[in-house]
Amino acid sequence: MIKSIIKNCGKILLLLFLITFIPFFLLTYLSNDPAEVALRVQAITPTEQNVRQMRSELGLDQPFFARYIDWVQQALKGDLGKSYATGKSIAGMISEAFPYTVFLTLVTLIIIIVTCLVLGILAANYQNHWTEKVLRLITFVLNAIPSFWLGLLLIFLFSIKLNWLPTGGAERLLSVFLPALTLSLAYSSSYIRLIRNDLLQNKQLPYVDYYFTRGFSKKSITKHLLKNSLRSSVVSIGVSIPKLIAGSIIIESVFAWPGMGLLCINAIRNRDLPVLQAYIVIMSLFFISSSLLIDSLNKRIDPRLRERGS
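Below is a summary of the structure that appears in this document. (Residues numbered from 1 in each chain as written. Predicted model: local features only at pLDDT ≥ 70, side-chain atom pairs only at ≥ 80, totals over all residues. Heavy atoms only, no water.)

In this section: the packing of aromatic side chains. Here a ring pair, both rings aromatic, is described through the centre-centre distance and the interplanar angle of the planes. Tallied over the entire structure, the rule returns 15 aromatic pairs. Arranged with centres 6.3 Å apart and planes meeting at 50°, the rings of Phe-24 and Trp-71 form a pair that is tilted. With Phe-24 in helix H1 (residues 2-29) and Trp-71 in helix H4 (residues 64-76), this pair connects stretches of sequence that are 47 residues apart. When its relative accessible area of 6% is taken as the criterion, Phe-24 is described as buried. Taking 6.1 Å as the distance between ring centres and 40° as the angle between the ring planes, the aromatic pair formed by Phe-158 and Trp-164 counts as tilted. Relative accessible area serves as the criterion here: at 56%, Trp-164 is assigned to the exposed category. The rings of Phe-17, Phe-21, Phe-24, Phe-25, Phe-64, Phe-65, Tyr-68 and Trp-71 are connected pair by pair, giving a single aromatic cluster. (Phe/Tyr/Trp six-rings, centres within 6.5 Å; stacked < 30°, edge-to-face > 60°. Helix = DSSP H or I, 4+ residues; strand = E, 2+ residues; numbered from the N terminus. Buried < 20%, exposed > 50% of the residue type's maximum accessible area, 1.4 Å probe, protein only.)

One finds Ile-94, Met-260 and Leu-263 to be the most contacted residues of the largest nonpolar core, which totals 34 residues. Looking at this core, the elements that each hand over two or more residues are H1, helix H2 (34-41), helix H3 (48-58), H4, helix H5 (90-125), helix H10 (218-246), helix H12 (260-269) and helix H13 (273-301). No other element matches the seven residues that H13 contributes to this core. Setting aside anything within four residues of it in sequence, one finds Leu-263 in contact with Met-93, Ile-94, Ala-97 and Val-275. Core analysis: the second largest hydrophobic core is formed by 33 residues, Leu-150, Val-176, Tyr-187 and Phe-255 among them. (Core = buried A, V, L, I, M, F, W, Y, C linked by side-chain atoms within 4.5 Å. Contact = heavy atoms within 4.5 Å.)

The values reported here are purely geometric and, on their own, carry no functional implication.
Here's what the structure looks like:
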């Protein structure tokens, strides 16, 4: 037990080192001089004198490892530095953007769960019927369309032609619907197929015949079928949450949704290296913590995984 805890702690410390060191190294040496970038972002023409001054202000005249250790120490205190482009605190910028991304993810998840549950059950009940064939065709087409193109089509239809929903931004509560719908459509097809296949497989298992023989009601049998069939889908959706948060970059850019994705796109556009570095580290930490949480939940749901891991 103690050996396992020490081993896991060692892995986490190694991961923390890698996800902080690699972005810091790459953004320092594989980009233009950060001092020049900071000056250009502020519309100042770089000269030898002001570049030297800016390097001193940003601490870039210090050795690489001294800067890295200083950055880590400040990050542990919650100070991620200041943006080159705006001069604002990066921690403040992230705390403003993150709730928007979380809200978008929650609405997307609700749409995914409702639509996939309904359409997955429909596809299983109408196996080989024209209804299932139409559903299969729709999911295939939606899966093939790139998300940004689908988002533009939805804007054209619902915002420009029908004038039902805003084209972007987050001024109104309804503004979240189109980006959430676009994200959900990109993920829904795989979950519809997963729910359909699990339901059909479970229908063939002996316990269903046993329930029919014992005279269980159809409603009760359907309840048991759903309970057993949705387990893998719930786990898959849980795994998708970090992907939804990190993968919303393009959609947030298309709909001008002021979340983490748009923050990252603006940082890339302005070559705002401190913001980009903070984004990479936070998203990596989020992925790791989510993976550990989901792994722990899986072991709780399925005791066989816990026995294999021990």
